[in-house]
Amino acid sequence: MERCKKRCVRFQQVVLLIAAIFAFGLMASPADAQKKQPIKIGVVSPVSGNFADHGLLERIGMEMALEDYNNEVLGRPITLIIADDETNPDVAARRARRLVEVDGVKFLMGGVSTSTALSVGAVAEEKKVLYIATNQNGDQVTGESARHYVFRTPPDMAILVRAGAKYVADNLGKKWFFLTHDYSWGHSGTKWARNMLSTVGAKEVGELKVPMGTRDFSSQLLTIRNSDANVLVITLGGFDNVSLLKQLNEYKIYDKMKVWYTLADIVDVFAVPAEDRQAYVCAEMYWKTSPEMQKLNERYQKKYPRAASPVIDVNTYNGWLSVKILLEAIKKAKTADNVEKVICAMEGLTIKDNARKTPTYVRPWDHQVLTEVVFGKYNPVPGNDILDVKVTVPADQVARTKQENPVNVGCKK
Amino acid sequence: MESLILSLLLNGIGLGLVYAAVAIGFSLVLGVSGVINFSHGIMYAMGAYFFWVLQGHIGFWPSVAITPLLVAMIGFVIERVLIRRVYGQDPLFGLVITLGFAMAVEELIRITFGSAAYSISAPSFAKGVFSFGDFIYPEYRLFISVVAAAMLATLWLLMEKTNFGAVVKAGMFNSEMVGALGNNLPLLRTIVFVIGATLAGLSGIIAAPIWSIKSQMGTLILMPSFVIVLMGGLGSIPGTILGGILVGVSTSLATLIIPRFVDIIPYMMMAFIIYFRPRGIFGEQNIVE
């Protein structure tokens, strides 16, 4: 009896303790768990392949943006889940689908190729999650393939080409030869340059399309050299471009004509010796254009001294800006669980502390983010100041109008 | 137009010699040992990377001398540790083991040097161009064409004019008989593999200043090499040279006529040649045999 008493008391104590733990758990768990549940951002970005270094740079930018927000928004931590898209649209779609279905992400971003933006955008629409294309410039993303669930941070090729075309025709030459990377982004660049021909009084002399993965441009450059063009208009990027930049000088193209890149990533340019940097370029940003950008650059250099680009480049900046846009939209919507509310909050969003002269504006009807672009000439001298900026153009002055791009994917129809 | 065609033709021959120099080691190892050596591309990449690192410290010519030796040593170790295990086995084993090794080294290069591309300047003595009217040809391209031709000629002399070459060629057809006649077959295979690695390393050095360097460069050169070997015939030096030049010249000239399809021309040529001659142009056995 005595033994039972002792045992029963102990048993009662244990039961009470368990009950207390459960009761505390029941009281605390639903609200706290909801509050502290991380907001997952699925990053579909190249970790391997032709654009792996560009992918790494955009992810660096995303991490920098998270630091700015102390890694939380609305009191909830933020987690980046990285998936390698291999710069392959099929792989990108598969990885995006997995991020949504298995990891439960509601927000996707990343990528450096238009074709992956299109495939991930289709998944985003199907799964009703928000996707921000961070470094894809092909027109389709916010043009004929625009979707309610897709936003695009970088300018499209129309903005870039229009920002530079007049300067090129007035100052460099009016007989243009196009060298085009043979996929959707390359086609966009050449299409818009071709569209500008009559506006700026230039004429087309020829075009050569080269597939991705081309390392030797000697025969193309010999053909171009033999034409009577005075401007070579190039829309070509990635590792291929490092070889091209070298071979432009090797085949003395600069002695015969001026070279204009409709869009240049400076990370490619740092890979070649100073004497190979002679082209004119349109670029999305440059690290010296404002004191705020220089501060951002200092942060970048301090934290990532071994990154592929020695100064902050467009991939990093766009990764940084994309996260900022998303988090500001979540703050404005006061929720990270209702994707539709976040989309509507993102439309019309203006971000002033974007380290640029022009504020960033998210255009509601096509989901194109507008800031500014620069046009300049590479400095053929060693060091990090590689671009002599000639013109800075606010993107809204040269972006496609509603008449040119008759889509409406906004919340307000 | 004539000067453009002449420029393209010369350019194609130069390119072809470089392609052949890359492919010949691949061809030899496949011919003598029956191993589809997918680590050949990574030897080529190692040549470029070692050269890039060394050049910054010890200059151009010492780096040219030391780099192939380093790649040869690595080739020796790989042959002893990995390749030796798959001799006489199903060719698939060799393919898988060398591909796995190549992927691991590629990742190691990426971890060590990053995923960014790098470029190497052509040496100062070959930075100019030869030009007459509209004809133009870069001096460095001529230099590497001569080097590639010298590499191929040396190998041809070794294979055609020495006892060692005779044994190697015999080993391509009946390796067991070569062994039974008292030749040290394992040593022979090791030497051939090391020669292949050395040639790949040298090719990486000469190609780096024109094509730049990146961790995936080894993987990217593999398929053109394979195509050239199949076109020319296994283990055939003249066949590999001819295959390389055919690829170089056809892709160069095709820029004038069908520029968008330049990339598929080598594969179409390979399909055409193998359809009519499964052993390749100068080959005496096909890959299945």
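Everything numeric here is computed off the predicted structure, so don't read it as measured data. Note on numbering: residues in each chain are counted from 1, in written sequence order. Chain letters start at A and ligand numbers start at 1, both assigned in the order the entries are written. Local features are withheld for residues below a pLDDT of 70 in this predicted model, meaning they are given only at 70 or higher, and side-chain atom pairs are given and counted only at 80 or more; totals for whole chains, interfaces and linings count all residues.

The numbering of helices and of strands both runs from the N terminus, where a helix is a DSSP run of H or I of at least 4 residues and a strand a run of E of at least 2. In terms of regular secondary structure, chain B is built from 11 helices and two strands. Secondary structure elements in chain B, listed N-terminal to C-terminal, are α-α-α-α-β-β-α-α-α-α-α-α-α. Here the C-alpha radius of gyration of chain B, 19 Å, is about what a compact globule of 289 residues would show, namely 19 Å. Dimensions of chain B, computed from the C-alpha atoms along their principal axes, are close to 60 × 50 × 35 Å. The globule rule is 2.2 Å times the number of residues to the power 0.38, and the radius of gyration it is compared with is taken over C-alpha atoms.

With that settled, the discussion passes to the nonpolar core. By convention the nonpolar core is taken to be a set of buried residues drawn from Ala, Val, Leu, Ile, Met, Phe, Trp, Tyr and Cys and joined through C-beta atoms within 7 Å. Field definition: a residue is buried when 20 or more other C-beta atoms are found within 10 Å of its C-beta, exposed when 12 or fewer are, and partly exposed for counts in between, with C-beta atoms placed from the backbone. If you look at the biggest cluster of nonpolar residues, it comprises 219 residues, and the most contacted ones within it are Leu 108, Tyr 131, Leu 232 and Ala 283 of chain A together with Ala 48 of chain B. Summarising the domain contributions, this core has at least three residues from each of domain 1 (39-155 + 288-371) and domain 2 (158-283) of chain A. Once you skip the residues sitting within four places of it in the chain, Leu 108 of chain A turns out to touch Gly 42, Val 44, Ala 96, Leu 99, Val 120, Ala 124, Val 129 and Tyr 131 of chain A. Domain start and stop positions are those given by an automatic or database domain assignment. Contact criterion: two residues are in contact if their C-beta atoms, reconstructed from the backbone, are within 7 Å.

Averaged over all residues, the pLDDT of chain B is 87; the fraction at 70 or higher stands at 98%. Among the prediction metrics, the complex's ipTM stands at 0.82, with pTM recorded as 0.81. Each residue carries a pLDDT score, the predictor's own confidence in it, on a scale running from 0 to 100.

Further remarks concern the domain arrangement of chain A. Residue and element names in this part refer to chain A. Taken domain by domain, chain A comprises domain 1 (39-155 + 288-371) and domain 2 (158-283). Spacing between the C-alpha centres of domain 1 and domain 2 amounts to 28 Å. Across the boundary between the two partners, domain 1 contributes 19 residues, which contact 17 residues of domain 2. Secondary-structure elements contributing two or more residues to the side of domain 1 that touches domain 2 are helix H2 (52-68), helix H4 (114-127) and helix H13 (314-333). The element that contributes the greatest number of residues to the side of domain 1 that touches domain 2 is H2, accounting for three residues. Charged means Asp, Glu, Lys or Arg here, nonpolar means Ala, Val, Leu, Ile, Met, Phe, Trp, Tyr, Cys or Pro, and polar covers whatever is left, Gly included. In terms of residue class, the side of domain 1 that touches domain 2 is made up of six nonpolar, 10 polar and three charged.

Attention now goes to the sheet that holds strand S13 (residues 360-362) of chain A. Residue and element names in this part refer to chain A. Only strands that DSSP links by at least two bridges are regarded as paired with each other. Ordered by their spatial adjacency, three strands build an open sheet running S12-S13-S14, and the pairing between neighbours is antiparallel. Looking along the sheet, the strands with just one partner apiece sit at the ends: strand S12 (350-351) and strand S14 (369-370). With two bridges joining them, S13 and S14 adopt antiparallel strand pairing. Within S14, the residue paired with Tyr 361 across the bridge is Leu 370.

All names here are of chain A. Those residues of helix H14 (residues 339-346) not exposed but buried are Val 342, Ile 343, Ala 345 and Met 346. Looking straight down H14, one finds that the buried residues subtend no more than 165 degrees of arc, so they occupy a single side. Looking one or two residues past H14, Gly 348 carries a phi angle of roughly 80 degrees, positive in sign. What the arc describes is the spread of directions from the helix axis to the C-beta atoms.

The subject of this paragraph is the packing of helix H3 (residues 89-101) of chain A against H4 of chain A. Residue and element names in this part refer to chain A. Lines are fitted to the C-alpha atoms to define the axes, a helix being fitted only along its stretch in contact, and any angle between axes, read from their N-to-C directions, falls within 0 to 180 degrees. At a minimum axis distance of 8 Å, the contact between H3 and H4 shows a crossing angle of 30 degrees. One element, H3, and the other, H4, form an angle in the roughly parallel class. In the crossing of H3 with H4, the sense of the turn from one axis to the other is right-handed. Note on element contacts: H4 touches H3 through Ser 115, Thr 116, Leu 118, Ser 119, Val 120, Ala 122, Val 123 and Lys 127, opposite Pro 89, Asp 90, Ala 92, Ala 93, Ala 96, Arg 97 and Val 100. A class-by-class count of the residues in the contact of H3 with H4 yields nine nonpolar, three polar and three charged. Put simply, angles under 35 degrees are roughly parallel, angles over 145 are roughly antiparallel, angles from 65 to 115 are roughly perpendicular, and the rest are oblique. The hand of a helix crossing depends on one turn: near helix anticlockwise from the far one by less than a right angle means left-handed, and clockwise means right-handed.

Once that is clear, we can look at the packing of helix H5 (residues 157-171) of chain A against helix H6 (residues 184-195) of chain A. Residue and element names in this part refer to chain A. With their axes 9 Å apart at the nearest point, H5 and H6 run at an angle of 45 degrees to one another. Relative to H6, the element H5 is oriented oblique. Note on packing geometry: the crossing formed by H5 with H6 is right-handed. Contacts between H5 and H6 involve Met 157, Ala 158, Val 161 and Ala 165 on the former and, on the latter, Ser 188, Gly 189, Trp 192 and Ala 193. Partitioned by chemical class, the residues of the contact of H5 with H6 number six nonpolar, two polar and no charged.

Residues and elements named next belong to chain A. Across the sheet, which stays open at both edges, the seven strands sit in the order S8-S7-S9-S10-S11-S15-S16 with mixed pairing between neighbours. The sheet is open, and its two borders are formed by strand S8 (203-210) and strand S16 (387-394), each paired with just one other strand. Neighbouring strand axes in the sheet, compared pairwise and without regard to direction, differ in orientation by 20 degrees on average. As paired elements, strand S9 (residues 231-235) and strand S10 (residues 258-261) share four bridges and run parallel to each other. Paired with Val 231 across the bridge in S10 is Lys 258. Contacts between helix H8 (residues 218-225) and the sheet are confined to strand S7 (175-181), S8 and S9, with S8 contributing the most and set at about 170 degrees to the helix.

Residues and elements named next belong to chain B. Expected span of a helix, by definition, is 1.5 Å for each gap between consecutive residues, and there is one gap fewer than residues. Along its 19 residues, helix H2 (residues 40-58) runs 26 Å from first to last C-alpha, staying within 8% of the 27 Å computed at 1.5 Å per residue. The buried fraction of H2 amounts to 14 of the 19 residues, a majority that puts the element mostly inside the structure. One or two steps after H2, the chain reaches Gly 59, where phi turns positive at roughly 90 degrees.

Between chain A and chain B, the contact holds 31 residues from the first and 28 residues from the second. Put simply, the parts of the chain that give the side of chain A that touches chain B at least two residues each are H2, S8, H8 and helix H9 (239-250) of chain A. Split into classes, the residues belonging to the side of chain A that touches chain B amount to 13 nonpolar, eight polar and 10 charged.

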